[in-house]
Structures are given as C-alpha cells and as structure tokens.
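The lines below spell out each chain.
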There are 2 protein chains.
Amino acid sequence: MLSQKAKYALRALIVLASRPDRALSAAAVAEAARVPTKFLEQILGELRVAGLVASQRGRHGGYRLARPAESITFAAVIRLVDGPIAPLPCLSQTAYRRCADCADEANCAIRRAFADVVVASRQALDATTIAAARDFDPAPPLATVPDR
Amino acid sequence: MLSQKAKYALRALIVLASRPDRALSAAAVAEAARVPTKFLEQILGELRVAGLVASQRGRHGGYRLARPAESITFAAVIRLVDGPIAPLPCLSQTAYRRCADCADEANCAIRRAFADVVVASRQALDATTIAAARDFDPAPPLATVPDR
DNA sequence: CGAATATCCTAGCTCGTCAATCGGGTTTTC
DNA sequence: GAAAACCCGATTGACGAGCTAGGATATTCG
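Owing to the predicted nature of the structure, the values given are computational and were not obtained by experimental measurement. The residue numbers shown here count from 1 along each chain, following its written sequence. Chains carry letters and ligands carry numbers; both start at the beginning, A for chains and 1 for ligands, and go up in the order they are written. Local features in a predicted model are, by the rule used here, given only for residues with pLDDT of at least 70; side-chain atom pairs are given and counted only at 80 or more, and totals for whole chains, interfaces and linings are based on all residues. Just so you know, side-chain values use all the structure's heavy atoms and leave hydrogens and water out.

Draft legend 1. Representation of the interface of chain A and chain B in the model. Here a residue-residue contact requires only that any non-hydrogen atoms of the pair lie within 4.5 Å. Of the residues lining the interface, 37 residues belong to chain A; the matching set on chain B comes to 37 residues. The buried area of a pairing is the accessible area, by a 1.4 Å probe, that goes missing from both parts when the two are put together, added over both. At the boundary of chain A with chain B, total buried surface from both sides reaches about 2,900 Å², with 69% on carbon and sulfur atoms. It is D101, I110 and F136 of chain A that lose the most area in chain A upon contact with chain B, and together they represent 21% of the buried surface on that side. Basic side-chain nitrogens of Lys or Arg form a salt bridge, by our definition, when they fall within 4 Å of a carboxyl oxygen of Asp or Glu. At the junction of chain A with chain B, the criterion picks out two salt bridges. Between D101 of chain B and R11 of chain A there is a salt bridge; the shortest N-O distance is 2.9 Å. Polar contacts, as used here, are pairs of N or O atoms within 3.5 Å; protein pairs need one atom able to donate a hydrogen and one able to accept it. Residues neighboring in sequence count only if both atoms are side-chain atoms. Our enumeration of links across chain A and chain B arrives at eight residue pairs in polar contact (both at pLDDT 80 or more). Going through the elements one at a time, α1 (4-17), α4 (74-82), α5 (109-127) and α6 (130-136) of chain A are the ones with two or more residues in the side of chain A that touches chain B. Think of it this way: any DSSP run of H or I at least four residues long counts as a helix, any run of E at least two long counts as a strand, and we number them from the N terminus. With 11 residues, the single largest contributor to the side of chain A that touches chain B is α5 of chain A. Of the residues belonging to the side of chain A that touches chain B, the class tally is 26 nonpolar, four polar and seven charged. Any residue that is not Ala, Val, Leu, Ile, Met, Phe, Trp, Tyr, Cys, Pro, Asp, Glu, Lys or Arg is counted as polar, Gly included; the first ten are nonpolar and the last four charged.

In structure tokens, the structure reads:
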C-alpha cells in the first residue's frame, strides 16, 4: 500500500510544479493538494532536506521545486517518503537486506516470483515524472491565493 | 511489503505440496517451513476456511492440500492473508474502494502511474503457482518426521 | 523598530496492525 | 483412557502511520 504521506508528497510536488514561477506557502499548497497543513509542513521539510524543493523563509516566503519537474520521478519520491519500493528486502536496489529467515536466497521461490513484480514496478515509477503528472492532471489554478 | 504471515503461508503450502500423499501435522510443517508452530496453526486455520487445505483431526491427523498445487496461485494466497494486491484501494480488482480524498479518479496521475504497476504485479502473481514454486525450490524431505 | 507572516524543529498523541504467544477445548486413534 | 493432534479466542508487546501542538527563528513591510 502506498502511504497517505507519499500521496501527499506527490500531490504537493505536482502543485508546486504547476507554478514554477513563484514560491507557494505551505498553507497554499496544503489547500490545493488537500493535505493537512501541519503535516504537509513536515513533509516539505523532508523534501527540502532531500533537495527536491527549495524554501524561502520569512514573509512572502514559501516553497518551490529545486529541480526541473521532469527530473523528479515518482520512484524517487516514494523511496524518500515510504522507503524501498521492493516488497521484499532481498529485492531492494537501494537498501538490500537478506531476509532474516531465508534459507537459500538463490533458490527462494517467493523471491523469484516477486523479482518480476519489482522490476515492473520500478520501471513504471521511474518512467513517471512530476512533470508528466502535472500535465496529465492539471490541478486547480490556486484561485484562492492572491498574486500579491 | 509482503507480510511475514504471507511468507509463512506460502512456505507452508509449498511444504504440503511436496508431500501430497499424506497429512502433515502443524508441527511438522512448522519445522520444515521454519514458522513458529502456534502461529502456523492460525494460518493453516485460515487456509482451511478458505478451502486451500483440508484438515484431519485427532491422532495422526494433520493438513494436506485441498486442491491441486497447480491451481493455487500466489495471488490467491496473498489476497487471502494480506488483503488486496493493489497499492491503492481504487485499483483493487477484488476490493475496489474509492480513495477517500481523491478529487477526480479519472484524472488522478497517481492512480495512472500505479495502474501499470498493479497490472504487472497481478500478472506475475497469478502466473506463479504453489506447484511451480515447489518444483523450483525443492524443500528438505522432512527427514525428522517418521513415516509411521 | 515591531508587527505580521512565513519556515523550521521537536515532541507527543492516538490508533491500528503485525507477529506472535497463551491457555485451554475438542476430536480421533491406539 | 491417554496420547496426539486440530481448534479457538484472548492477550500481548512492539511499532509505525497519521496526524497535532507549541513554540523558535527568519524575513519583509509599514
């Protein structure tokens, strides 16, 4: 299951990608992306540390994408927020761990079945960018936020 | 993430599939599949209710597959134990639910990206059966259980 | 300057789920 | 009638998910 938090992160990034020209406050993003404001603040903090968004403090501050929307993949966002994409630790590219109770990894039928799953998942999530998502689902134009 | 319980269920079924001729006690399966015995009892109970295994009570009782191992897919087992395979409720075949906070399902970019993921996952897990898994990973021959 | 508006940071809270374990009850066989 | 097995409900402890609270800090504007 994709976590709620990951959905929020993706939606927030899509909102930011729809207004690359200016910084949006957490409150504005929260409204447009339908995310609890305080929770979103936390999430944007993580995205900032990871280098996906840049922030400007103080009055008229806010967040904007730190990189082109074309370069931010769903896979990257989900890994950041939810951790590895693989359904088994022994199939993770970015955080491989042996399954604790696995007798023989090479001959594990479960691992084998999920190897196909994870390849397809990664393929789909690497191929989808925030830019593509923004273009597919044009978010409402932030009518409530004055242009100052 | 595939739950521990689902792994246990799959391993247990593979063990049972390797001895279709006789009933195996929960304790014997537990040892061969490396699953805590009492926990396995619970799992086997669920598999029985679902019609995947049959049980025989009393002395010399035990469990055996209720259907040919070729007809039991990973997808069926995982759905039974972990619930829907889809990473979003709005993409589940067997338990569709609208995402609570989804504004417009048809135009949801997240849903769109995961549609590909779920199709591939289902395809892989429907294609893998307990029989195939048993043949791929020949479990140890239950040396510790006397043949009576 | 100082008030307003923002981000930043840490802590904590409430649920629900996961992964078991416990303690018995019931059935069947020898 | 005792042993070996399944059957069943309750409980437990750890953990993470999904928030909320409360302030500290930075920036801008009048």
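From this point on, the discussion continues.
Draft legend 2. Examining the protein's contact with DNA strand D more closely. By nearness alone, 28 residues border DNA strand D, and K38 and Q42 of chain A together with A26, E41 and S55 of chain B come closest of all. Note on definitions. A residue lies near a molecule or strand when any single heavy atom of the residue is within 4 Å of it. Expressed as a percentage, the sugar and phosphate content of the atoms of DNA strand D within 4 Å of the protein is 65%. Within the side chain of K38 of chain A, one N or O atom sits 2.6 Å away from a base oxygen of DNA strand D. Contact distances for DNA strand D include 2.7 Å between a phosphate oxygen and a side-chain N or O atom of S55 of chain B. Of all the elements in the fold, those that place two or more residues in the surface near DNA strand D are α1 and α3 (37-49) of chain A together with α3 (37-49), β1 (53-56) and β2 (62-65) of chain B. Sorting elements by how many residues they give to the surface near DNA strand D places α3 of chain B first, with four residues.

Draft legend 3. Quick look at the protein's contact with DNA strand C. Near DNA strand C, the surroundings consist of 25 residues, among which A26, E41 and S55 of chain A together with K38 and Q42 of chain B are the closest. Near the protein, meaning within 4 Å, the atoms of DNA strand C are sugar or phosphate in a fraction of 69%, with bases accounting for the rest. Separating a phosphate oxygen of DNA strand C from a side-chain N or O atom of Y63 of chain A is a distance of 2.9 Å. A distance of 2.7 Å separates a phosphate oxygen of DNA strand C from a polar atom in the side chain of Y8 of chain B.

Draft legend 4. Geometry of the environment of L91 of chain B. All names here are of chain B. With respect to the helices and strands, the residue L91 is situated in the loop between α4 (74-82) and α5 (109-127). When a residue's accessible area, from a 1.4 Å probe over protein chains only, is under 20% of the maximum for its type it is buried; when over 50% it is exposed; and in between it is partly exposed. Given a relative accessible area of 11%, L91 falls into the buried group. Residues L91 and V119, 28 residues apart in the sequence, show an inter-C-alpha distance of 9.4 Å. The contact partners of L91, leaving out residues within four places of it in the chain, are A86, R111, F114, A115, V118 and R122.

Draft legend 5. Molecular detail of unusual backbone geometry. Residue and element names in this part refer to chain B. With a phi close to 55°, R34 is a non-glycine residue in the positive phi region. Turning to its location among the elements, R34 is positioned in the loop between α2 (26-33) and α3. You can call R34 partly exposed: its relative accessible area is 37%. Of note, H60 is a non-glycine position whose phi angle comes to about 60°, a positive value. Within the secondary structure, H60 is located in the loop between β1 and β2.

Draft legend 6. Fine view of the relation of the copies chain A and chain B. Take chain A, turn it by 180°, move it 0.0 Å along the axis, and it overlays chain B with an RMSD of 0.0 Å. Expressed as an axis order, the relation between the two copies is that of a two-fold axis. Minimal C-alpha distance to the rotation axis in chain A is attained by A120 of chain A, lying at 3.1 Å. In this assembly, 100% of the residues forming the interface of chain A have copies in chain B that are likewise at the interface, indicating an isologous arrangement. In this comparison the copies share one frame, found by least squares on the C-alpha atoms of residues holding pLDDT of at least 70 in both.

Draft legend 7. Summary view of the side chain of K7 of chain B. The topology assignment puts K7 of chain B in helix α1 (residues 4-18). Under the counting rule used here, the positive set is Lys and Arg, the negative set is Asp and Glu, and His together with the chain ends is not counted. Of the buried charged residues, K7 of chain B lacks a salt bridge, with D101 of chain A as the closest side chain of opposite charge at 4.6 Å.

Draft legend 8. Structural view of the domain arrangement of chain A. Residues and elements named next belong to chain A. Start and end points for every domain follow an automatic or database-based domain assignment. Under the domain assignment, chain A is made up of domain 1 (1-72 + 129-148) and domain 2 (73-128). One C-alpha centre belongs to domain 1, the other to domain 2; they are set 27 Å apart. Counting each side, the surface lost to burial between domain 1 and domain 2 is near 1,000 Å², with a carbon and sulfur contribution of 77%. By the criterion of area lost to domain 2, the three top residues of domain 1 are L10, I72 and T129, representing 38% of everything that side buries. Our count for the contact surface shared by domain 1 and domain 2 stands at zero salt bridges. Residue assignment for the side of domain 1 that touches domain 2 shows that the elements contributing at least two residues are α1, α3 and α6.

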